[in-house]
Amino acid sequence: LSRTAEKKPYALARTTPVEDEDVSVWCSNDYLGMSAHPKVTGAVIDTINRHGVGAGGTRNIAGTSHHHVELEDTLSKLHGKDAALVFTSCYVANDTTLQTLGEC
């Protein structure tokens, strides 16, 4: 699939060696097309200019950044909870949840 910011949630699928077909992609994490929204792209560009690119490593190796702390604080307030924890991927979130439930 070849995705472009202008055509979200559509992409071009190579159906033959010389033909492409428009397909609707609803299984991505960007099914609302927010990655192409001007406020989102502007915030990304601003953040890159201030902090550079790259994760710098996972939290357990490189440490927790101030961005993690701010995001978790915002999420906990949004959901009316004492705290929140952001995971690096859905796989890690599910793995941790299952491990935690297994210990209960």
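Since the model is a prediction, treat every value here as computed from it, not as a measurement.

(A) The arrangement of the overall build of the protein chain in detail. Looking only at helices and strands, one finds 4 helices and 3 strands in the protein chain. Its helices and strands taken in sequence order, the protein chain reads β-β-β-α-α-α-α from the N to the C terminus. A globule of 104 residues ought to have a C-alpha radius of gyration of about 13 Å, yet the protein chain, at 18 Å, is considerably larger. Based on the C-alpha atoms only, the size of the protein chain along its principal axes is roughly 55 × 40 × 30 Å. Counting over 104 residues, the protein chain shows a buried share of 9%. At a minimum sequence separation of 6, the contacts of the protein chain that also span at least 24 residues come to 11%. Counting 9 positive and 13 negative side-chain charges, the protein chain places the centres of these two groups 4 Å from one another.

(B) View of the layout of surface pockets. Computed from the structure, the largest pocket encloses a volume of approximately 480 Å³. Every residue lining the largest pocket is counted, 18 residues in all, and those nearest its centre are Gly54, Ala55, Ser65, His67 and His68. Of all the secondary structure elements, the ones that give two or more residues to the lining of the largest pocket are α1 (38-51), α2 (59-62) and α3 (66-78). The element that contributes the greatest number of residues to the lining of the largest pocket is α3, accounting for 3 residues. Considering only residue class, the lining of the largest pocket consists of 5 nonpolar, 12 polar and 1 charged.

(C) How the structure looks around the pattern of salt bridges. Under the defined criterion, the tally for this structure stands at 4 salt bridges. The shortest N-O distance in the salt bridge between Arg50 and Asp46 comes to 3.9 Å. Here Asp46 and Arg50 lie together in helix α1, a separation of 4 residues that amounts to about one turn. The partly exposed category is assigned to Asp46, whose relative accessible area is 39%. Here Asp73 and Lys77 are joined by a salt bridge, their closest N and O atoms 3.1 Å apart. One end of the pair is Asp73 and the other is Lys77, both in helix α3 and 4 residues apart, which spans about a single turn.

Conventions we followed
Residues numbered from 1 in each chain as written. Predicted model: local features only at pLDDT ≥ 70, side-chain atom pairs only at ≥ 80, totals over all residues. Heavy atoms only, no water. Helix = DSSP H or I, 4+ residues; strand = E, 2+ residues; numbered from the N terminus. Rg over C-alpha atoms; globule rule 2.2 N^0.38 Å. Buried < 20%, exposed > 50% of the residue type's maximum accessible area, 1.4 Å probe, protein only. Contact = heavy atoms within 4.5 Å. Lys, Arg positive; Asp, Glu negative; His and termini not counted. Charge placed at Lys NZ, Arg CZ, Asp CG, Glu CD. 1 Å grid on protein atoms, 1.4 Å probe; cavity = no way out; pocket = protein on both sides within 12 Å on 5 of 7 lines; lining within 4 Å. Points joined across faces, edges and corners; volume = space filled by probe spheres on them. Nonpolar A, V, L, I, M, F, W, Y, C, P; charged D, E, K, R; others polar. Salt bridge = Lys/Arg side-chain N within 4 Å of Asp/Glu carboxyl O.

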